[in-house]
Amino acid sequence: MSTEANFPPLKNDLLLRAARGEKVERTPIWIMRQAGRYLPEFHEIRKNHSFFEICRTPELACELTLQPIRRYGPLLDGSIIFSDILVIPQALGLEVEMITGRGPVFNDPLVTPEDLSRLKTEVDVDKELGYVYDAITLTRHKLEGRVPLFGFIGAPWTLMAYMIEGGGSKTLSKAKSWLWKYPTETHGLLQKITDVSVDFLVGQVRAGAQLLQVFDSWAGELSPHDFNKYSLPYIKQISTKVRQRLAESNLPDVPMVIFAKGAWYALEDLTDIGYDVVSLDWTIDPEYARKVTQDKVVLQGNMDPSVLYGGEEAIRETATRMVHAFGKDGKHIANLGHGILPTVDPEALKVYLETIQKVSAEIKK
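Residues numbered from 1 in each chain as written. Predicted model: local features only at pLDDT ≥ 70, side-chain atom pairs only at ≥ 80, totals over all residues. Heavy atoms only, no water.

Quick question: what am I supposed to make of the nonpolar core here?
One recurring pattern in soluble globular proteins: nonpolar side chains tend to sit buried together. Ranked by internal contacts, the top residues of the largest apolar core, which has 136 residues, are Trp157, Phe227, Ile235, Leu270, Leu308 and Tyr352. Residue contacts for Leu270: discarding those within four places in its chain leaves Phe227, Leu232, Ile235, Ile258, Ala260, Ala263 and Val278. (Core = buried A, V, L, I, M, F, W, Y, C linked by side-chain atoms within 4.5 Å. Buried < 20%, exposed > 50% of the residue type's maximum accessible area, 1.4 Å probe, protein only. Contact = heavy atoms within 4.5 Å.)

Below, the structure is given as structure tokens:
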């Protein structure tokens, strides 16, 4: 077990302070998928290794996590471990490949409840996903305290959808059909994923993760009624149980972030389920979000990632407007409204990072 005393002291704690709702001198910023395909140095490593081989090799996962930190230096206030949300379905016994041009593909997805018998009844999370822990611990040392490190998971509904759809989908019709055809089995599967998720997040903190994010990437594909029934109870359970387990294990009570993409209708509910930070996609106006959440939580986001294709002037103008919309006294961590897209010019991201730092420091004087 790693403890904070074993790691290099943290030199930049801006992100941690902001995530706890403390007043900060400027808005911290990190980027979802910042360790990824838009970086040429990523492709140099990817040439010789498959995607999940990188995830399962702590030295390679660590190297990719560090790439954006090296490239952007003090422009980034956080790092996120290079991994994937689909390592949990793999731990449950399903095979997943990352196919170039197609994304994740499940060779034998769940079709009917009879297929649930193919999932492991008991999952030894430390054994199945220990490579992620090793990558986190190694990365904490290699970061040398430059910035804090995020661990993460995919939310139960999003993971269930992948496991049934067999990959990406425009309609999620197969996964959604389970909600009405097999509601009992659906809840059973969501609970199974939730239990593994709790173990996995606690293990990530034990390994050295300083913040945790839960990605509910397909939350917005559910109606408000179905979100309240099939997603919200499980992401709430995760925050509650993780905090209980951390306390029982004498582990740090790290800040937790929920990102329910597309679920604008659930903003008020997401404020009251035990997360410190609620991440927003680009369809939510920051002023509206502040009004709904009443500053009870820190907000994260939320520029449209596509603005990074719009040229320097558009990036600076949009980023400046966003910082002002979250407000001088707003509790805010800057990010994009979703992950950075793979064909973005890394220099465009640099403009965004520079603008956030400059403008937020000016308005917070």
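Just checking my understanding: could you explain the sheet that holds strand S5 (residues 211-216) for this structure?
Two orientations exist for strands paired in a sheet by backbone hydrogen bonds: parallel and antiparallel. Taking strand neighbours across the sheet as the criterion, the 7 strands line up as S1-S4-S5-S6-S7-S8-S9 in an open arrangement whose pairing is parallel. Whereas interior strands pair on both sides, the edge strands pair on one side only; in this sheet they are strand S1 (79-80) and strand S9 (332-336). As judged from the 3 bridges shared by strand S6 (residues 256-260) and strand S7 (residues 277-279), these two strands associate in the parallel manner. Bridge pairing in S7 links Phe259 to Ser279. Against the sheet, helix H14 (residues 312-326) contacts strand S8 (298-303) and S9, and its axis sits at roughly 160 degrees relative to S8. (Pairing = 2+ DSSP bridges. Helix = DSSP H or I, 4+ residues; strand = E, 2+ residues; numbered from the N terminus. Axes fitted to C-alpha atoms, helices over the stretch in contact; angles between N-to-C directions.)

Explanation requested: the packing of aromatic side chains in the structure shown.
Both the distance between ring centres and the angle between the ring planes are used here to describe each pair of aromatic rings. Within this structure, the stated rule accounts for 11 aromatic pairs. Ring geometry for Trp264 against Tyr265: centres 5.8 Å apart, planes inclined by 75 degrees, an arrangement best described as edge-to-face. Linked through ring pairs, Phe42, Phe51, Phe52 and Phe82 together constitute an aromatic cluster. (Phe/Tyr/Trp six-rings, centres within 6.5 Å; stacked < 30°, edge-to-face > 60°.)

Got a minute to help me understand helix H6 (residues 125-143) in this structure?
Structural remark: α-helix, 3.6 residues per turn; residues separated by three or four positions point the same way. Helix length check: H6 (19 residues) gives 25 Å between terminal C-alpha atoms against 27 Å at 1.5 Å per residue, within 8%. Among the residues of H6, Val125, Leu129, Gly130, Tyr131, Val132, Tyr133, Ala135, Ile136, Thr139, Arg140 and Leu143 are the ones counted as buried. Packed against the buried residues of H6 are helix H3 (51-56), helix H4 (58-72), S1, helix H5 (87-91), strand S4 (149-154) and helix H9 (183-207). The first or second residue beyond H6 is Glu144, which carries a positive phi of 55 degrees. (Expected span 1.5 Å × (residues − 1).)

Just to check I follow, could you spell out unusual backbone geometry for this structure?
Only a minority of non-glycine residues have a phi that is not negative, and only a minority of peptide bonds are not trans. Going from Gly301 to Asn302, the amide bond is cis rather than trans, its omega being -5 degrees. Considering the arrangement of structural elements, one finds Asn302 in strand S8. Even without glycine at this site, Asn250 takes up a positive phi of about 55 degrees. Along the chain, Asn250 turns up in the loop between helix H11 (232-248) and S6. Judged by its relative accessible area of 71%, Asn250 is exposed.

Mind showing me how you'd approach the pattern of salt bridges here?
Pairs may arise between side chains of opposite charge once their charged atoms sit close together. By the definition in use, this model includes 17 salt bridges. With its nearest N and O atoms 3.8 Å apart, the salt bridge here joins Glu317 to Arg321. Placement of both Glu317 and Arg321 in helix H14 is noted, with a separation of 4 residues, approximately one turn of the helix. In this structure, a network of salt bridges that share partners links the residues Asp13, Arg17 and Glu25. (Salt bridge = Lys/Arg side-chain N within 4 Å of Asp/Glu carboxyl O.)

So what exactly am I meant to see when it comes to helix H15 (residues 346-363) here?
Along its 18 residues, H15 runs 26 Å from first to last C-alpha, staying within 8% of the 26 Å computed at 1.5 Å per residue. Where the residues of H15 are buried, they touch helix H2 (40-46), H4, S8, H14 and S9. Its side-chain oxygen 2.9 Å from the backbone nitrogen of Glu347, Asp345 forms the N-cap of H15. (Polar contact = N/O pair within 3.5 Å; in protein donor to acceptor, adjacent residues only side chain to side chain.)

Explanation requested: the packing of helix H7 (residues 156-165) against helix H8 (residues 173-181) in the structure shown.
Helix-helix packing is described using two parameters, namely the angle between the two axes and the distance between the axes. Two numbers describe how H7 lies on H8: the axes approach to 8 Å, and their chain directions differ by 110 degrees. Our classification of the angle between H7 and H8 gives roughly perpendicular. The crossing of H7 and H8 is right-handed. Facing Trp157, Met160, Ala161, Ile164 and Glu165 of H7, the residues of H8 in contact are Ser173, Lys174, Ala175, Lys176, Trp178 and Leu179. (Parallel < 35°, antiparallel > 145°, perpendicular 65-115°, else oblique. Left-handed = near helix turned anticlockwise from the far one by under 90°.)

Sorry if this is basic, but what is going on with the pairing of strand S2 (residues 96-99) here?
If a strand is regular, its side chains alternate between the two faces of the sheet. The pairing of S2 with strand S3 (residues 103-106) spans 4 bridges and is antiparallel. Bridge pairing in S3 places Glu97 opposite Val105. In textbook terms, the turn of a hairpin is the stretch between consecutive antiparallel strands, and for S2 and S3 this stretch comprises 3 residues, one of which, Gly101, has a positive phi near 90 degrees.

Quick question: what am I supposed to make of the pairing of S4 here?
By the criterion of burial, S4 is predominantly enclosed, with 6 of the 6 residues buried. As paired elements, S4 and S5 share 5 bridges and run parallel to each other. Looking across to S5, one finds that Phe150 is bridged to Leu211.

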